[in-house]
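# Inside the fold
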Amino acid sequence: MGMMQEFKEFAVKGNVIDLAVGVIIGAAFGKIVDAVVSDLIMPVVGLVFGKLDFSSMYVLLGNVPPGTDMSLDALKKAGVPVFAYGHFLTVTVNFIILAFIIFLMVKQINRLKRHHEATPAAPAATPEDIVLLREIRDSLKK
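So, here is what we can say about the structure in this document. Note that the structure is predicted; figures quoted are calculated from it, not measured.

Our next topic: the overall build of the protein. Check the secondary structure of the protein and you find five helices and two strands. Ordered by position in the sequence, the α and β elements of the protein form the string α-α-β-α-β-α-α. Radius of gyration (C-alpha) of the protein: 31 Å, far over the 14 Å computed for a compact globule of 142 residues. Across its three principal directions, the C-alpha atoms of the protein cover 110 × 50 × 20 Å. Per-residue burial for the protein yields a buried fraction of 10% across its 142 residues. A separation threshold of at least 6 residues defines the contact pool for the protein, and within that pool the share at least 24 residues apart is 43%. Surface exposure of the protein reaches about 11,700 Å², of which carbon and sulfur atoms provide 69%.

Spelled out as structure tokens, the structure:
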């Protein structure tokens, strides 16, 4: 079997396609959670803690050249070492929310699986020839 044939069989398997769909949906879902965290949650957290822009929180680790703006982007462009912990906190909150949502989804799927497995399958109908043989056996016993 050629390498191309093996690759074709591998790529067409259901698990690979399911994985690809999961990765695509996960990436799109990650963007939604990113937007929720950066546009909805972090401004509220910043307001509670007294900072309006949480993602631009940093600590200077070096000297600032004269005339450089004190914004995070300007300092990074000027090559000043900064400890940008605000972005890290935003990404951490993003991860926690995403992990919690995935946990809830897996929990729900497992609950549905248990419910599906718990329902007993209906017994298969006895074939007609077996029923006839049983009737003959019972009539012979009499």
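What follows picks up the thread again.
Glancing now at a nonpolar patch on the surface. Together, I130, L133, I136 and L140 line one region of the surface with nonpolar side chains, adding up to about 400 Å² of accessible area. Within the secondary structure, I136 sits in helix 5 (residues 128-141). Exposure remark for I136: the relative accessible area of 47% places this residue in the partly exposed category.

In terms of nonpolar packing, the biggest core is built from five residues, these being V33, V37, M42, F54 and M57. Leave out the neighbours within four places in its chain, and M42 touches V37, F54, L89, T90 and V93.

Before going further, it helps to spend a moment on the environment of G62. Tracing the backbone shows G62 in the loop between strand 1 (59-60) and helix 3 (72-77). When the C-alpha positions of G62 and P81 are compared, they lie 5.6 Å apart, and in sequence the two are 19 residues distant. Beyond its immediate sequence surroundings of up to four residues, G62 is in contact with V80 and P81.

Reading the values: the criteria
Residues numbered from 1 in each chain as written. Predicted model: local features only at pLDDT ≥ 70, side-chain atom pairs only at ≥ 80, totals over all residues. Heavy atoms only, no water. Helix = DSSP H or I, 4+ residues; strand = E, 2+ residues; numbered from the N terminus. Rg over C-alpha atoms; globule rule 2.2 N^0.38 Å. Buried < 20%, exposed > 50% of the residue type's maximum accessible area, 1.4 Å probe, protein only. Contact = heavy atoms within 4.5 Å. Areas by Shrake-Rupley, 256 points an atom, 1.4 Å probe, with all protein chains shown as cover. Patch = residues over 30% accessible without salt bridge, like charges linked within 9 Å, V, L, I, M, F, W, Y side chains within 5 Å. Salt bridge = Lys/Arg side-chain N within 4 Å of Asp/Glu carboxyl O. Core = buried A, V, L, I, M, F, W, Y, C linked by side-chain atoms within 4.5 Å.

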